[in-house]
Amino acid sequence: MRCEEARTFLVPADEPRIADRDVLRAIEHAERCSKCAAWIQLDRRMAQLIRETFPRDPAPQEVRERVYSALARERAGAPAGVRRWRRRGPRGPRASLAVLSLAAALTLVAIATLEIVRPGGARQPGTVFVEDYLRKMVETEEIVSSDPTAVAAFLTRELGVPIRPPVVPGAELKAAEICLVGGRRGALLKYTMGGRELSYYAVRGEGRLAGPKPSVQTVEFASAKALRLVLWSDGEFDHAVLSDLPPDYLLTFAHAAGGY
Amino acid sequence: MGAAFEELVGVHLNDLYGTALCCTGSPERAEELLCDVLRETFHEFPPQEGAQGFRLWVLEMLARACLERVRHRGTRPSGVAETASAPAEIEPAAPGVRLPEPGTPAYAAVGDMLRSALRSLDVETRMSVWLVNVLGLRYREAARCLGVSVQDVMASLARGRRRLHAELADKPGKAAGAV
């Protein structure tokens, strides 16, 4: 068998093939032909090089948003019963209230930022979560549902990673939103627990904000109830639980959500 | 059904966008193509395909729509069938040149060069390389996506790798020679 013919049976080299008579003859040829053996090795290395080094960029955020907008328009024509997520924002008579809320939120952001600055001037790691928690008074995309499956579907399609809402005894899931924390998009899940509101954040991170063990911080406001914050990280996500509930409730939630 | 479709799109969106970008070569056209194909397939996804079958099914829809558009625009594809029966195509372009060794700086730096080299291939060849070598599809799956035979995919891959090899060999200080 000639080299060219043998290579037609052996290339690409990284796929199993039926060892028929021609393939066996080609293998026999390659075992004796140093040029073919080298070439097949090169082909295998080329495949490995492509597989391991080819950059696989994630879809840009604007593409993600346009795709889901397009699908949302399609869904608008879908049969009744299909769950829809909605874009919340100031509309009609609620606009003035929203403007007031925005002003209040910005004030609170300023207060919160000031209040949790450490004596040395450094901001505590949880500041970014508090900012987003307050910013949520006036924005953005959300799903109002107590169905963890529907919420998980919403979060997965919006964020591109599967996020399942924690099921915590005594805590009732109410809604979920997409948040922006320190430039990173993540999930904000809203619960009620002990008759009070509780917010749980899961944002992709590198474990920089917190350690693996949930720790409680108290954020004091000048003219509002103290807000408690529990932070932890599992290496892939940074997690935060915020509420004005007593610390024990937040820690119970954090432990059920995966913190230890 | 819509929610399930959107959830699956979310899981695979990076691969889908990468495929559209690989095929069209333009972020704008890739986005337009992706939105069009997902809109068209939104009501068509057969439930029996399930989550496992979704990726291959939607990649097939995307690849076929993309090839159709590229061909319609008049970009002359050098058909994979032409090379399938041409043994000369499987000859190495630069047999004396080595590829960078795994673990070396040159190996890590070769990704961008590969991306640029991939653009120089005809659309069927680069789609074969993308689907098999980058996304990890099996040959028969790539053949289904591209609407060709497994032999065509194999020949196309061989040709693609040979040309990528030649592209890297032309840049001795950056990749192939920096061993």
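Everything below is about the structure shown above.
## Observations concerning the overall build of chain A
Here comes step 1: On a plain count of helices and strands, chain A comes out with 8 helices and 8 strands.
Here comes step 2: Restricting the contact set of chain A to residue pairs at least 6 apart, pairs at least 24 apart contribute 54%.
Here comes step 3: Per element, the accessible surface of chain A, about 13100 Å² overall, is 55% carbon and sulfur.

## Describing the side chain of Ser145(A)
Here comes step 1: Along the polypeptide, Ser145(A) turns up in the loop between strand E2 (141–144) and helix H7 (148–159).
Here comes step 2: Among the polar contacts listed, one links the side chain of Ser145(A) to the backbone nitrogen of Asp147(A), at a separation of 2.9 Å.

## Re the nonpolar core
Here comes step 1: Val67(A), Phe5(B), Val9(B), Leu34(B), Leu38(B) and Leu114(B) are the most contacted members of the largest nonpolar core, which has 64 residues in total.
Here comes step 2: Looking at which element gives the most residues to this core, the answer is helix H3 (residues 50–72) of chain B, with 11 residues.
Here comes step 3: A domain-level breakdown of this core finds at least three residues from each of domain 1 (2–72) and domain 2 (105–176) of chain B.
Here comes step 4: Apart from residues lying up to four places away in sequence, Leu114(B) is in contact with Met46(A), Leu49(A), Ile50(A), Thr53(A), Phe54(A), Leu164(B) and Leu168(B).

## Structural notes on the interface of chain A and chain B
Here comes step 1: Contacts between chain A and chain B engage 46 residues on the former and 47 residues on the latter.
Here comes step 2: A buried area of about 4500 Å², summed over both sides, lies between chain A and chain B, and 64% of it is on carbon and sulfur atoms.
Here comes step 3: Across the salt bridge formed by Glu31(B) and Arg66(A), the nearest N and O atoms sit 2.8 Å from each other.
Here comes step 4: Viewed at the interface, chain B and chain A are joined by 4 residue pairs in polar contact (both at pLDDT 80 or more).
Here comes step 5: Considering each element in turn, the side of chain A that touches chain B owes the most residues, 12 residues, to helix H3 (residues 34–53) of chain A.

## Concerning the pattern of salt bridges
Residues and elements named next belong to chain B.
Here comes step 1: Summed over the entire model, instances satisfying the criterion amount to 11 salt bridges over all chains.
Here comes step 2: With a closest N to O distance of 2.8 Å, aspartate 36 and arginine 69 form a salt bridge. Residue aspartate 36 is found in helix H2 (residues 27–41), and its partner arginine 69 is found in helix H3; the two are separated by 33 residues along the sequence.
Here comes step 3: For aspartate 36, a relative accessible area of 14% corresponds to the buried category.
Here comes step 4: Assessed through its relative accessible area of 31%, arginine 69 is described here as partly exposed.
Here comes step 5: For the salt bridge of arginine 64 with glutamate 60, the shortest nitrogen-to-oxygen distance reads 3.6 Å. One end of the pair is arginine 64 and the other is glutamate 60, both in helix H3 and 4 residues apart, which spans about a single turn.
Here comes step 6: Given the relative accessible area of 11%, glutamate 60 is considered buried.

Definitions and limits used
Residues numbered from 1 in each chain as written. Chains lettered and ligands numbered in written order. Predicted model: local features only at pLDDT ≥ 70, side-chain atom pairs only at ≥ 80, totals over all residues. Heavy atoms only, no water. Helix = DSSP H or I, 4+ residues; strand = E, 2+ residues; numbered from the N terminus. Contact = heavy atoms within 4.5 Å. Areas by Shrake-Rupley, 256 points an atom, 1.4 Å probe, with all protein chains shown as cover. Polar contact = N/O pair within 3.5 Å; in protein donor to acceptor, adjacent residues only side chain to side chain. Core = buried A, V, L, I, M, F, W, Y, C linked by side-chain atoms within 4.5 Å. Buried < 20%, exposed > 50% of the residue type's maximum accessible area, 1.4 Å probe, protein only. Domains from an automatic or database assignment. Buried area = accessible area lost by both parts, 1.4 Å probe. Salt bridge = Lys/Arg side-chain N within 4 Å of Asp/Glu carboxyl O.

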